[in-house]
Amino acid sequence: MNLQILLVLIFNFIISLIGTLAYSVRLVGVRTGKIAISFTVFNILSLISRMAVTFQEPLLTNYVEKNLYSNNLLHIFNLIILVSGAAAAFGAFLIPTFQKIFSKGVMVFSIERSIPRLVIDGMSKRGR
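Because the structure is a prediction, the values reported are computed rather than measured.

### Structural notes on the packing of aromatic side chains
Consideration 1: One pass over the structure, following the stated rule, counts 3 aromatic pairs.
Consideration 2: The interplanar angle of 25° and the centroid separation of 5.8 Å between the aromatic rings of Phe11 and Phe55 together place this pair among those described as stacked. Of this pair, Phe11 sits in helix 1 (residues 3-21) while Phe55 sits in helix 3 (residues 35-66), and the two are 44 residues apart along the sequence.
Consideration 3: For the ring pair Phe98 and Phe102, a centre distance of 5.2 Å and an interplane angle of 20° mean the geometry is stacked. Taken together, the residues span about one helical turn, with Phe98 and Phe102 both in helix 4 (residues 73-112) at a distance of 4 residues. There is no split in this pair, since Phe98 and Phe102 are both buried.

Here it is, written out as structure tokens:
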């Protein structure tokens, strides 16, 4: 498999996973009572997803332009759709875990008010 297609599949997985986990953000905002902070912290994850789209599009476009008359192109797009579906299913499976982690992150962010401190706190031994 071409390195470009492998990167497109990885980026597509990230995009679909974050898109699926977005549904749990509203519930975390309601549970914690910090809806605005919940959306603020999730926008950081959304930026990662959008950055993945920015990298994915030129790679996929370049591959399609070089292999326009290849019989392999349809299989590549089917694989992209399959990876996207698998990421959505994986994201649905992770929603309860993501809600627990995300609600802790929202609570720490409401105290610290800093994304770098939130990341450092999450990776420390005492992590809340």
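### Some remarks on the side chain of Ser16
Consideration 1: The topology assignment puts Ser16 in helix 1.
Consideration 2: By relative accessible area, Ser16 is classed as buried at 13%.
Consideration 3: Among residues more than four places away in sequence, those in contact with Ser16 are Ser84 and Ala87.

### Focus: a nonpolar patch on the surface
Consideration 1: On the surface, a cluster of nonpolar side chains totalling about 500 Å² of accessible area is made up of Met1, Leu3, Leu6, Leu7 and Ile10.
Consideration 2: If you trace the backbone, Leu6 turns up in helix 1.
Consideration 3: Residue Leu6 is classed as partly exposed on the basis of its relative accessible area, which comes to 42%.

Cut-offs and rules
- Residues numbered from 1 in each chain as written.
- Predicted model: local features only at pLDDT ≥ 70, side-chain atom pairs only at ≥ 80, totals over all residues.
- Heavy atoms only, no water.
- Phe/Tyr/Trp six-rings, centres within 6.5 Å; stacked < 30°, edge-to-face > 60°.
- Helix = DSSP H or I, 4+ residues; strand = E, 2+ residues; numbered from the N terminus.
- Buried < 20%, exposed > 50% of the residue type's maximum accessible area, 1.4 Å probe, protein only.
- Contact = heavy atoms within 4.5 Å.
- Patch = residues over 30% accessible without salt bridge, like charges linked within 9 Å, V, L, I, M, F, W, Y side chains within 5 Å.
- Areas by Shrake-Rupley, 256 points an atom, 1.4 Å probe, with all protein chains shown as cover.
- Salt bridge = Lys/Arg side-chain N within 4 Å of Asp/Glu carboxyl O.

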